[in-house]
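The residues making up each chain are set out below.
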Amino acid sequence: MRTVLLAQLRTHAARLIASTLAVVIAVGFVVATLVLNETSRSTVLNAVGARYVDTAAVVSSSGEPLTGDVDAVESLPSVGAVAAAWETSVQADVPGRTGSQYLAVETVADAPELRWQQLSDGRLPERTGELAVSERARAEVGDVLTISTYDAEGEVTEAQATVTGIVRLEGDPEAGLYGRAFVTEQQVRDWGATDLYELRIAAAPGSSDAQVLADVAAAVTGPDVVVRSGVEQAEHEAAMLTGDSTALTSVLLVFGTVAVVVAGLVIANTFAVLLAQRTRELALLRCVGATAKQVRRSVLGEALATGFVSSAVGVAAGIGLAGLISTLVGSDSAIPLAGLTVPAYTVLAGLLVGTLVTVLAALAPARAATRVAPLAALRPVDPAPLRSRPGLLRLVLGLLMAVPGTALLVLGVVVQSVYVGLPGGVLSFLGIVLLAQRAVPPVVAAAGGLVARIGGVPARLAAGNATRNPRRTAATATALLIGVTLTSAFVVGAASTRATATAGLDAEFPTDVVVQGFSDDLPASLPATLGDVDQVVRTAPVLAADVTGPDGEPVYVHGVDAGTAGAAMRSTDKVLLPGPGQVVVPEWAAEYYSVRDGDPFPLTADGRSLDLVAQVTGENQPLMVDAADLRTLAPEPGLAEVWVMLDDADPDAQVAAVDRVTDVVAEADETARVTGIVTMRDEINEVLDILLLVVTGLLAVAVVIALIGVGNTLALSVVERRQENGLLRALGLTRGQLRGLLAWEAVLVAGVASVLGVVVGGAYGLAGAASVLGEVGDIVLDVPWLQVAAIVVVATLAGLLASVLPARRAARTAPVAAIAAA
Amino acid sequence: MSVPVMTVPGEPPAPVASAAVRAAGLRKTYGSGETAVHALAGVDVAFAAGEFTAIMGPSGSGKSTLMHCLAGLDTASGGEVWLGDTELTRLRDDQLTTLRRRRIGFVFQAFNLLPVLDARENIVLPMQLAGQRPDPAWFDAVIARLGLRERLEHRPHELSGGQQQRVAIARALLARPDVVFADEPTGNLDSRSGAEVLGLLRSSVKETGQTVVMVTHDPVAASYADRVVLLADGRLAGELTDPTAETVLDALRGLGA
Ligand SMILES: Nc1ncnc2c1ncn2[C@@H]1O[C@H](COP(=O)(O)OP(=O)(O)OP(=O)(O)O)[C@@H](O)[C@H]1O
Ligand SMILES: [Mg+2]
């Protein structure tokens, strides 16, 4: 049998190229997914966790300062170096720029291995009086900045510092928020850092990171102290920043699973067609004495060889593809895909998945092949189409998977858990693929009736061909159905993800720019002045005054006009604004005053008093009343904050607008602090866009697989129908009509597959988005109709395109040759 | 026993006024140079309208090639083929194709029918391709003559070999073509079914004046014909009129087959 196997591989190299291509692309798809997954993970980690990833351990405290622990940690034998992360903030005057700006000050580690900052220019500071700044500070190397620090009483101290370097915070979503300064430990403390909450630790030469982690964890204990490995800390920070990292992981998990399932289906499909096409050959083998077992082994051997070789090619292709995507995405984006991360497991997984899936996928066709009666070789015409046991089995199996799978998927949506929804989705999808074998032919028949009416004889023949050989049609359609279902699932899912994320970000960061006074004494004219600044759409003043609370103690209360303030915010979902007669009370204050929602909440000031009603909120807000009410209590309240809303514009324009606001504010009040929240929202938006882009890129690969599947199936069926086509030509079908026949068949099958796929895929997309995003927050569902319509059109046209080469080949066949081949 | 009338090989055929198909100096060469095979090396032959002709000759003598060239299924390397007043050797592929579906009928040895169509659909297919509707009376007549009434809704795999050939003959006759070509139509059949099929071809010639050209190896099959044309090594090697199985066998022996 080995000679037969080898001869098969040799003679059918051309046919195998087609199936090899499917495996290569499928494996490439899986590997590219894994590699991009790893790359994006490491890129995000590197961006927001740059300072942590290379450390052995990180100690952080949310309560007691760690100031006293530094020596204890440093003296551990496994510890090589410790960086104490002192932090403070200052106001800085940059030469040539009006006003001063807020700078967050961080420490540069003494030990080189704990320095993470990447410089785009200059060097890191080495002594006091020197500092490096982030690009956002808009300073240059050699600039001398005037640094103002304020003590607890608001007393100002001024000092000079020279810029020695510019730090690049590439990929940090907070980089655009405000400028940052990096100085020596001594300098941070001189500028007012009092407490230490974080230690980053490097291992001593010869000590393992795990050793350091264990030693440090033993040495530093406390109720609020957490010791993590560098990578853990980086992941923690990334999670804090993106809100919830499980959403990201879930999306990638869904994606990986889908990739493997698609690969398996496409390969199974290819092999089924491949073997169906060789029925006569296999039967002849049986005739000359091969046992069923030998035939099966020969088929599986072929699958194994094909699977392994093409998996190897696929792994290389996948890594190449990921590299390409990485370079394309990487060039100019907030979170670039930096380089390529290719862990060994991705290569192994690719080889294993490809080979295993090919062999598994070939099992069923191989079993079918052994059932071929030797007599089939001698039968002059095609055997009757199957409508016996396997068809019924498929129906039952399909229903058994689709029904509970759909139920599980619905449950996943209801309980908003992707871990319930995902297996449900996979199960029901497999069920639908099995059922498609049954469902597609009748739908094609119906569509065929329509097509036959408009397309003349070739269309009528095509409709006949498509409906009279349901197995072939179903196999072709299923390949495309899978691709289209996935495409539309992702397009719809992505749109909903996008809409949900935008709504979530608007709720999370409702104001574009916030101007805060050092105390509540911003100039009263500031809101009006800011209103005149270019690109500022609206401003809302936030008043403040000290009044007396229900317990008779003084309390600091904000006052806003709900109408004005609400208009200056992107979303009021997460901010509770008080109406007249109301006071917004955060939970901690409600606990302190022992009031519940709706309870009376009296406030007094200088003999004036107001009986207000408490509105308790779970959000972290200050005590807040209506502006008019506040004026009743305190006739001359101070101006604590101004909320500013900017025009919708591209991120660069918005940064420029924030700069203008900063300048105007600085002129009016030196000590005021401007926070450009809008830039943070933009950065996060950009990260989301890139994620969606990556997923869409991978999806394009799935569609290409499906199209190759269509071309493949059509090409094989052209070979299979050589005699039929030859006979048709002899009986008077012109070349053009023969091409038309195949084109109509392709359009019919592809059209039906894509319409069905869009409907099913749309449902999956909505269900998937609902179950994934449900874990994150409120869901906004969105169906991009235009894109969905485009999918149907493109898939149908692509099916048509896939028929061009096979059709040309069919038309070239001389009628005689076809007859002679009998 | 009648004496076979032999013509001298190489001599041009007597001009036949009412020839349905004729070939002049027809050549067909496969390959080139050393390995060139001259399947047809200059054949001049004519087939009268309303005549049943059998083409015979040893295996590899060029019978199928001749038939394919005459039927416009294959292009000749040289010479001319005329179908009535039309010179096939000048036509483009599209013209040949439309001509085939209107003016030529086929019966092959095997794989005659499209597996996805039932008997009725197979029978009307060429007319459908030509955008024509079969004349119902003629359709009924053909079906009745071929005894297919009970089988019209059956697919090819549900029919016996003889029945399949009868469906193919019905298809060939339905469009009332200028000529029906049959390449070993009884090659796959037992002698009873074979006799049935040959009888049907014969009667279509007798009763409706259909022109039939048939390639066969079987002297008994050839004896149903009005005339037998003999081929050897791609050339005409003589002909017999009113053949019987014995005269055909003798003539073939003469060719060394
Ligand atoms: N496609 C081809 N390529 C090369 N040579 C061919 C081809 N088709 C036929 N021949 C050669 O042409 C010659 C005539 O072949 P043809 O099929 O016409 O013979 P035949 O008389 O029909 O034989 P048989 O009785 O066996 O069917 C043979 O020598 C054959 O080998
Ligand atoms: Mg022959």
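A. Inspection of the overall build of chain B at higher detail. Along chain B, the regular secondary structure elements total 8 helices and 10 strands. Scored against the burial criterion, the 257 residues of chain B give a buried share of 54%. Expressed as a percentage of contacts within chain B between residues at least 6 apart in sequence, the contacts between residues at least 24 apart total 69%. Summed over all atoms, the accessible surface of chain B reaches about 11,000 Å², with 49% contributed by carbon and sulfur.

B. Region of interest: the site of ligand 1. All names here are of chain B. As a matter of local geometry, ligand 1 sits amid 13 residues, with Ser59, Lys63, Ser64, Thr65 and His217 nearest to it. Gly62 is positioned with one of its backbone polar atoms (N or O) 3.0 Å from an oxygen atom of ligand 1. In this structure, an oxygen atom belonging to ligand 1 sits 2.7 Å away from a side-chain N or O atom of Lys63. Here ligand 1 loses 59% of its free accessible area of 630 Å² to cover by the protein chains. Breaking the shell around ligand 1 down by element, the ones donating at least two residues are strand 2 (37-48) and helix 1 (63-70). At 3 residues, the largest contribution of residues to the shell around ligand 1 is made by helix 1.

C. A look at the side chain of A:Thr55. Within the secondary structure, A:Thr55 sits in the loop between helix 2 (13-53) and strand 1 (57-61). Those residues in contact with A:Thr55, other than ones at most four positions away along the chain, are A:Leu114, A:Arg200, A:Ile201, A:Asp209 and A:Gly230.

D. Spotlight on the packing of helix 4 (residues 136-146) of chain B against helix 5 (residues 161-174) of chain B. Residue and element names in this part refer to chain B. One way to put it is that helix 4 packs onto helix 5 with a least axis distance of 10 Å and a crossing angle of 150°. By the angle between their axes, helix 4 is roughly antiparallel relative to helix 5. Relative to helix 5, the crossing made by helix 4 is right-handed. In contact with Trp138, Phe139, Val142, Arg145 and Leu146 of helix 4, helix 5 contributes Arg166, Ile169, Ala170, Leu173 and Leu174.

E. How the structure looks around helix 1 of chain B. Residue and element names in this part refer to chain B. When you tally the buried positions in helix 1, you get 7 out of 8 residues, the bulk of the element. Every buried residue of helix 1 is accounted for by Lys63, Thr65, Leu66, Met67, His68, Cys69 and Leu70. Among the residues trailing helix 1, Gly72 stands out with phi positive, at a value near 70°.

F. Just unusual backbone geometry, in detail. Residue and element names in this part refer to chain A. Even without a glycine there, the phi angle at Gln535 is positive, about 75°. Of note, Gln535 is situated in the loop between helix 14 (526-531) and strand 12 (536-548). Phi angles above zero are rare outside glycine, and Ser594 is one such case at about 55°. Structurally, Ser594 can be placed in the loop between helix 16 (587-593) and strand 15 (600-605).

G. Representation of the sheet that holds strand 4 (residues 78-83) of chain B within the structure. Residue and element names in this part refer to chain B. With respect to topology, 4 strands assemble into an open sheet ordered 2-1-4-5, the strand pairing being antiparallel. Of all the strands in the sheet, the pair left with one neighbour each is strand 2 and strand 5 (86-87). Each of strand 1 (19-30), strand 2 and strand 4 is contacted by helix 1, which is oriented at about 120° to strand 1, the strand it contacts most.

H. The arrangement of the interface of chain B and chain A in detail. Each partner contributes to the interface: chain B provides 27 residues, whereas chain A provides 26 residues. When chain B packs against chain A, the two sides together hide about 2,700 Å² of surface, and 68% of this comes from carbon and sulfur. Linking chain B with chain A are 2 salt bridges. B:Asp93 is the salt-bridge partner of A:Arg729, the closest N and O atoms lying 3.1 Å from each other. Joining chain B to chain A, the criterion identifies 6 residue pairs in polar contact (both at pLDDT 80 or more). Mapped by element, the contributors of at least two residues to the side of chain B that touches chain A are helix 2 (93-103), helix 3 (119-129) and helix 5 of chain B. No other element matches helix 2 of chain B, which puts 6 residues into the side of chain B that touches chain A.

I. Spotlight on a positive patch on the surface. Residues and elements named next belong to chain A. Judged by side-chain charge, Lys293, Arg296, Arg297, Arg367 and Arg371 come together as a positively charged surface patch. By residue number, the principal contributor to the positive patch is helix 9 (residues 292-330), which donates 3 residues. Classification of Arg367 as partly exposed rests on a relative accessible area of 48%.

J. Just the confidence of the model for chain A, in detail. All names here are of chain A. On average, residues of chain A score 78 in pLDDT, and 78% of them are at 70 or above. Low confidence marks residues 331-336, where pLDDT is under 50. Its contacts with residues over four positions away, or in another chain, come to 17 contacts. When the criterion is pLDDT under 50, residues 379-389 qualifies, and its contacts beyond four places in sequence or with other chains add up to 12 contacts.

K. Seen up close, the packing of helix 4 of chain B against helix 6 (residues 191-208) of chain B. Residues and elements named next belong to chain B. Two elements in contact, helix 4 and helix 6, have axes whose closest approach is 11 Å; the angle formed by their N-to-C orientations is 140°. With respect to helix 6, the axis of helix 4 lies oblique. Read as a crossing pair, helix 4 and helix 6 show a hand that is right-handed. Across the interface between the two elements, Trp138, Arg145 and Leu146 of helix 4 pack against Leu200, Ser203, Ser204, Glu207 and Thr208 of helix 6. Of the residues belonging to the contact of helix 4 with helix 6, the class tally is 3 nonpolar, 3 polar and 2 charged.

L. Structural context of the sheet that holds strand 6 (residues 104-107) of chain B. All names here are of chain B. Strand order in the open sheet formed by 6 strands is 6-7-8-3-9-10, and the pairing between neighbours is mixed. Looking at strand neighbours, the two that pair on one side only are strand 6 and strand 10 (235-241), the edges of this open sheet. Adjacent strand axes in the sheet meet at a mean angle of 20° when their direction is disregarded. Across 4 bridges, the pairing between strand 3 (residues 52-56) and strand 8 (residues 212-215) is parallel. When the bridges of strand 8 are listed, Thr53 appears paired with Val213. Its contacts with the sheet put helix 5 on strand 6 and strand 7 (179-183), and the angle it makes with strand 6 is roughly 175°.

M. Inspection of the pattern of salt bridges at higher detail. All names here are of chain A. Within this structure, the stated rule accounts for 23 salt bridges over all chains. A salt bridge links Arg189 to Glu185, with the shortest nitrogen-to-oxygen separation between them at 3.9 Å. Within this pair, Arg189 and its partner Glu185 are both found in helix 4 (residues 185-190), separated by 4 residues, close to a single helical turn. Taking the relative accessible area as the measure of exposure, Arg189 reaches 39% and is therefore partly exposed.

N. Quick peek at the packing of aromatic side chains. All names here are of chain A. Overall, the coordinates contain 5 aromatic pairs over all chains when judged by the stated rule. The interplanar angle of 80° and the centroid separation of 5.9 Å between the aromatic rings of Trp116 and Phe182 together place this pair among those described as edge-to-face. Here Trp116 is found in the loop between strand 3 (100-107) and strand 4 (118-122), whereas its partner Phe182 is found in strand 8 (residues 179-183), with 66 residues between them in sequence. On the basis of relative accessibility, which here comes to 14%, the residue Trp116 falls in the buried class. The class for Phe182 is buried, based on a relative accessible area of 0%. A centroid spacing of 4.9 Å and a plane angle of 80° characterise the contact between Tyr592 and Tyr593, whose relative ring orientation is edge-to-face. Owing to a relative accessible area of 55%, Tyr592 belongs among the exposed residues under this scheme.

O. Fine view of helix 8 (residues 245-254) of chain B. Residue and element names in this part refer to chain B. All buried positions along helix 8 are accounted for by Thr247, Val248, Ala251 and Leu252. All buried residues of helix 8 project into a common sector of 135° when viewed along the axis, lining one side. Looking at the buried residues of helix 8, the elements they touch are strand 3, helix 7 (219-222), strand 9 (227-232) and strand 10.

Calculation rules
- Residues numbered from 1 in each chain as written.
- Chains lettered and ligands numbered in written order.
- Predicted model: local features only at pLDDT ≥ 70, side-chain atom pairs only at ≥ 80, totals over all residues.
- Heavy atoms only, no water.
- Helix = DSSP H or I, 4+ residues; strand = E, 2+ residues; numbered from the N terminus.
- Buried < 20%, exposed > 50% of the residue type's maximum accessible area, 1.4 Å probe, protein only.
- Contact = heavy atoms within 4.5 Å.
- Areas by Shrake-Rupley, 256 points an atom, 1.4 Å probe, with all protein chains shown as cover.
- Near = heavy atom within 4 Å.
- Polar contact = N/O pair within 3.5 Å; in protein donor to acceptor, adjacent residues only side chain to side chain.
- Axes fitted to C-alpha atoms, helices over the stretch in contact; angles between N-to-C directions.
- Parallel < 35°, antiparallel > 145°, perpendicular 65-115°, else oblique.
- Left-handed = near helix turned anticlockwise from the far one by under 90°.
- Pairing = 2+ DSSP bridges.
- Buried area = accessible area lost by both parts, 1.4 Å probe.
- Salt bridge = Lys/Arg side-chain N within 4 Å of Asp/Glu carboxyl O.
- Patch = residues over 30% accessible without salt bridge, like charges linked within 9 Å, V, L, I, M, F, W, Y side chains within 5 Å.
- Lys, Arg positive; Asp, Glu negative; His and termini not counted.
- Charge placed at Lys NZ, Arg CZ, Asp CG, Glu CD.
- pLDDT = per-residue confidence, 0-100.
- Nonpolar A, V, L, I, M, F, W, Y, C, P; charged D, E, K, R; others polar.
- Phe/Tyr/Trp six-rings, centres within 6.5 Å; stacked < 30°, edge-to-face > 60°.
- Arc of directions from axis to C-beta.

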